[in-house]
Structures are given as C-alpha cells and as structure tokens.
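Observations on the model geometry
Next come the chains, spelled out residue by residue.
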Amino acid sequence: FDVVLTDMRMPEMNGLELLRQIKQVAPHTAVIMMSGHADETLAEIAIAAGAVNLLCKPFDAATLRKTFQHAIAIQGDRWVVPKTLMRLVRRGGGL
C-alpha cells in the first residue's frame, strides 16, 4: 500500500505494533495514525517510529487532506500515487 490510515486502539494489536510491522515489510509506506486519546508524548512516539502524523479524533476533512498532502511531499519520487488521488488532494476535494 502507498498509505495506511489506522487507529491506535484496535482489538488484536495497537497501532504502534501495526506501524512497526508495516515499516519492516514496506518501509516506504506512509502511515497516518489517529486516536481519540492522543497526547504529545504518544504523537512523538508514533512519529519517531515512522508515522507521518498522529491525528486526534475527531478531525475534519481539511486536516486529513493536509496530512495526505504532507505524506505525498515527504514520499517524493518513491511513492506512486494514483493520479486521481493526487488531483483530489491538491485541489482540496473528495476526501
């Protein structure tokens, strides 16, 4: 996958465990984390582990769009993003 959007709290494993597994298998995959129980420490841990960002729920479409734009920017040429998604993210619609 080019990008994964995942919660920190899940039934089988937590988001940090998933993040670490993703980065082992696919280090160029952009991972965006979200949580209803986030704080600065958790955000720092997630970002240090390789997450693009940790979004605090609830968040709006504009915040998600901006986070996707950031993910696209840091991935650079390594990331093959479908052209439709790129158009939607850049013009600010569809998400």
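Let me sum up the structure you'll find in this document. (Residues numbered from 1 in each chain as written. Predicted model: local features only at pLDDT ≥ 70, side-chain atom pairs only at ≥ 80, totals over all residues. Heavy atoms only, no water.)

1. Regarding helix α2 (residues 40–48)
- All of the buried residues along α2 are Leu-42, Ala-43 and Ala-46. The buried side chains of α2 occupy one side of the element, clustering within an arc of 100° when seen end-on. Exposed side of α2, more than 90 degrees from the buried face: Glu-40, Glu-44 and Ala-48 are the residues found there.
- Contacts from the buried residues of α2 go to α1 (15–25), β2 (30–35) and β3 (53–56).
- By the N-cap criterion, in which a side-chain oxygen at the helix start approaches the backbone nitrogen of a residue two or three places on, α2 is capped by Asp-39, the distance to Thr-41 being 3.2 Å.
- In the stretch just after α2, Gly-50 is the one whose phi turns positive, near 120°. (Buried < 20%, exposed > 50% of the residue type's maximum accessible area, 1.4 Å probe, protein only. Helix = DSSP H or I, 4+ residues; strand = E, 2+ residues; numbered from the N terminus. Arc of directions from axis to C-beta. Contact = heavy atoms within 4.5 Å. Polar contact = N/O pair within 3.5 Å; in protein donor to acceptor, adjacent residues only side chain to side chain.)

2. Some thoughts on the sheet that holds β2
- Here 3 strands make up an open sheet; going across it, the order is β1-β2-β3 and the pairing parallel. The outermost strands of the open sheet, each flanked by one partner alone, are β1 (3–7) and β3. With strand direction ignored, the average angle separating the axes of adjacent strands in the sheet is 25°.
- Pairing of β2 with β3 involves 4 bridges; the strand directions are parallel. Residue pairing for β3: Ile-32 is matched across the bridge by Asn-53. (Pairing = 2+ DSSP bridges. Axes fitted to C-alpha atoms, helices over the stretch in contact; angles between N-to-C directions.)

3. Looking at the environment of Glu-17
- Tracing the chain through its elements places Glu-17 in helix α1.
- The partly exposed category is assigned to Glu-17, whose relative accessible area is 38%.
- Residues Glu-17 and Ala-49, spaced 32 residues apart in sequence, show a C-alpha to C-alpha distance of 9.7 Å.

4. Quick look at the nonpolar core
- Counting residues in hydrophobic clusters, the biggest one holds 12 residues: Val-4, Met-8, Leu-16, Leu-19, Ile-22, Val-31, Met-33, Leu-42, Ala-43, Ala-46, Ala-51 and Leu-54.
- Looking at this core, the elements with two or more residues in it are α1, β2 and α2.
- Apart from residues lying up to four places away in sequence, Ala-51 is in contact with Leu-19, Val-31, Met-33 and Ala-46.
- Core analysis: the next-biggest nonpolar cluster, separate from the first, contains 8 residues, Ile-32, Val-52, Phe-68 and Ala-71 among them. (Core = buried A, V, L, I, M, F, W, Y, C linked by side-chain atoms within 4.5 Å.)

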